[in-house]
Structures are given as structure tokens and as C-alpha cells.
Amino acid sequence: MRGLSFWREPPPAPIPRRGRRDYLLVGAVLALTVVEGLFRPALPAASLLLSAGFAATLRWRRERPLLMVALSFGTGALLPLLTQDTVPETYTMVYLLLLPYALTRWGSGREITIAAAVMLGCMGLSALTGTTGAADSVGAVAVVSAVAATGLARRYRVRARTRELEQVRLMERERLARDLHDTVAHHVSAIAVRAQAGLAAAPARPEAATEALRVIEAEASRALAEMRAMVRVLRQDEPAAYAPSPTVADLRGLARPTDAGLPVDVHVDGDLASLPAPLVGALFRMAQESVTNALRHARQATRVEVRVSVGDDVVRLRVDDDGAPAKDTGGGYGLTGMSERARLLDGVFRAGPAPAGGWSVAVELPLAGPAR
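Reading the values: the criteria
- Residues numbered from 1 in each chain as written.
- Predicted model: local features only at pLDDT ≥ 70, side-chain atom pairs only at ≥ 80, totals over all residues.
- Heavy atoms only, no water.
- UniProt positions renumbered as here; feature names shortened; annotations may be inferred.
- 1 Å grid on protein atoms, 1.4 Å probe; cavity = no way out; pocket = protein on both sides within 12 Å on 5 of 7 lines; lining within 4 Å.
- Points joined across faces, edges and corners; volume = space filled by probe spheres on them.
- Helix = DSSP H or I, 4+ residues; strand = E, 2+ residues; numbered from the N terminus.
- Nonpolar A, V, L, I, M, F, W, Y, C, P; charged D, E, K, R; others polar.
- Pairing = 2+ DSSP bridges.
- Patch = residues over 30% accessible without salt bridge, like charges linked within 9 Å, V, L, I, M, F, W, Y side chains within 5 Å.
- Areas by Shrake-Rupley, 256 points an atom, 1.4 Å probe, with all protein chains shown as cover.
- Salt bridge = Lys/Arg side-chain N within 4 Å of Asp/Glu carboxyl O.
- Axes fitted to C-alpha atoms, helices over the stretch in contact; angles between N-to-C directions.
- Contact = heavy atoms within 4.5 Å.

As annotated in an unreviewed UniProt entry, the protein chain is histidine kinase from Catellatospora citrea. According to the UniProt record, the Catalytic activity (unreviewed entry) comment for the protein chain reads "ATP + protein L-histidine = ADP + protein N-phospho-L-histidine."

Shown next as C-alpha cells:
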């Protein structure tokens, strides 16, 4: 199965196009061939012509690796049989080792397999006809194999690096999705709740609409500032303006008085200031998202309680409301994001209907942080 899989392996993408470097390489080979001809006047003209002619294969070594290998190795093996004479090779023709390297680096599995058979066949034919001695043939096989192995190693190293970068990019996208959902969605939910409260209270209390508009303006400004900060981080041509990590004060700031709609009580038991910043940030984001979900989905809720307690080895977060869970939450990503945050810190996340009614979110995070 592995052999069949390699046979079907496509060439790496994208294959670099021919450029100035390729033409400079061909020009350098031609110049070295001329220099060698001047310093080795005994070399026949056929050797110099072969060295110069094979230089053209370097231009197509990546796009047509099988054809270039077959052309160079096949000509080198068949020419002595056709001319009935051995054509000495130039030292410059060592550049032909770039062909098996390019083959294994850029060729498909099918091309590599066929070209390997062609190269072995040509070297074997040269040994059988006496063009090369046994020791030279073994040395040639060893050198070509080493060069081909170098191309394969480079091929799979680049592939592994590409996969690693893709994984990092995927993780970064997930992190940005969580941050976007947990921050902006919280402010948008607050805007929606305050707008509904203002509309409901406006007939009896006209000043309530003004109060609601002030809250909406403040929440919209915060949401816009956070969105701009995220966009600035994503743009490569602008310096990132990193906001400070959430603190204990931000966690306490989730509290909402009764006159602001659904009241939110925040209770902190223990010294959160001594916790690592990633733990405090995760606690804040998960508490923020839980409060947002309660504001959006808890029907007829009268309270939301946020409790944080620091133990000897874990810190616990619990968010409860006494409302009836909505039947349709819109298929959001809040619970998914909280679960991912807890998992990244080797924590435990649970969410669901509470036995006494309402909805409950419980999180436990180890103080030691994630295991490495």
C-alpha cells in the first residue's frame, strides 16, 4: 500500500517557475565548460559539446524532471554504444547531479519511480559494456542515491513545515474567532437588551429612552474599539496595539445593578491577583460569555450569579441563572469557545440545565497551568 501511495503522490505545489537564477546557472555552466576546454586541450570536442548541450536540461529540471533525467543519463549510456568509442566526461558535468535532486524534490511519485529505474538501467548498461568499471559504477550509484535522498529529505521537510504553519494558522483563526465572539458579542447583546428595555419603558418614562441611548452609545464605542484592535492585529502593514489582558477588576465589572435590566452579581472568593494572566483572562472571557448567553437566551430570568473561588490547586468558575433556557439559541459558538478555552488550559468545562432550574456553567482550571 505504501508503494502504491508513493506512486500516486503528486508533485509538490507550487513548482517555482524558471527565472533569472536558472539562466545564470546555465550561463555559469557554459562558462566553466569553456574554461575547462582551455585548461584541458586534450579533451575531444564531443565532450565539450555534451557538457554544453546538457546544460540546457537545467532550465527544465523542475517542470520536466523525468524527461531531463532520461535525456541526460540515457544519452550518456547510449552514446558510447553508438559511436563505438568512449567519450571522456568533463569535470563540469558534475552539475548533472542537480537533476536527480530536482527529480526527488519536485517530481511526482510516478516520475521518481520511473526515473530511478532509468538511472539504474543506464548505470548498469555502462557497467556491462565496460564504459565504466565496477568500482566507478558502485560509486556513481552511491553518489546519485545520496543526492536523491537529499532531495527527498528537503521535500518532506518543507511539507512538514507547511503543515506546521497551517496548524498554527488554524489555531490562530480559532483564537481570533473566540475573542471576536466573546468580546464583541457581549457588547452587542448588551446593546440589544438595553434597546428593548428602553423601548418598553419609554411610554411610561421618556427619560428611560435617553438612559438606554447612553448605555448603547458606550457599549457600541467599546465594541468598535475592540474590533479596530483586532483588525489592526490582523493587518500586516499596521503596528498592533495590544490591549492589556483582562484583570480581576474586569471580572468584577461584569456586575450589573437591578436598574440596568437583568441584575448580575459577582462574588470572588480568594486572591485572583496572584493567578497567572492566562488564567484570569480565560476566567473573564468565559464569565463574560456566560453572562452574555444569560442576557440573550434565559427567558424570564430574574438574576445571574457569577462565583469565582480559588482553591489550593484549582480555580473554579460558576455562572447560574434562574431563567428558562431558550429552545433555539441560534447555533452559536459560545459554548464551543468556552470548552476550547478550558481544554487549552487542561481544565474541565460543563454547561447545562441546573437541577433547581435555570442554566449553569461550571469551569475548573488547574493553577499549575497546562501540562507541557
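Trainee: Kindly report on the layout of surface pockets, identifying the contributing residues and their values.
Mentor: Estimated volume of the second largest pocket: approximately 840 Å³. Surrounding the second largest pocket, 30 residues form its lining, F73, E89, L96, T132 and A140 being those nearest its centre. Only α3 (45–54), α4 (65–83), α6 (109–128) and α7 (134–201) provide two or more residues apiece to the lining of the second largest pocket. Residue classes in the lining of the second largest pocket are distributed as 18 nonpolar, ten polar and two charged.

Trainee: Which residues make up the pairing of strand β2 (residues 304–310), and what are the values?
Mentor: Sheet topology note: the strand β1 (residues 264–269)/β2 ladder contains six bridges and is parallel. By the bridge assignment for β2, D265 is matched with E305. Where β2 lies against strand β3 (residues 314–321), seven bridges are found, and the strand directions are antiparallel. Looking at β3, one finds that V304 is bridged to D321. Between the antiparallel neighbours β2 and β3 lie three residues.

Trainee: Hey, could you go over a nonpolar patch on the surface for me, with residue numbers and the actual values?
Mentor: A contiguous nonpolar patch, built from V34, V35, L38 and F39 and spanning about 460 Å² of accessible area, is present on the exposed surface. With respect to the helices, strands and loops of the structure, L38 is situated in helix α2 (residues 20–39).

Trainee: Can you explain the sheet that holds β1? Please cite residues and give values.
Mentor: One open sheet holds the five strands; their spatial order is β1-β2-β3-β5-β4, and the pairing between them is mixed. Across the chains shown, the open sheet's two edge strands, defined by having one partner strand only, are β1 and β4 (348–353). Going across the sheet, the axis of each strand differs from the next one's by a mean of 10 degrees, ignoring polarity. Contacting β4 and β5 (359–366), helix α11 (residues 334–344) crosses the sheet at an angle of about 155 degrees to β4.

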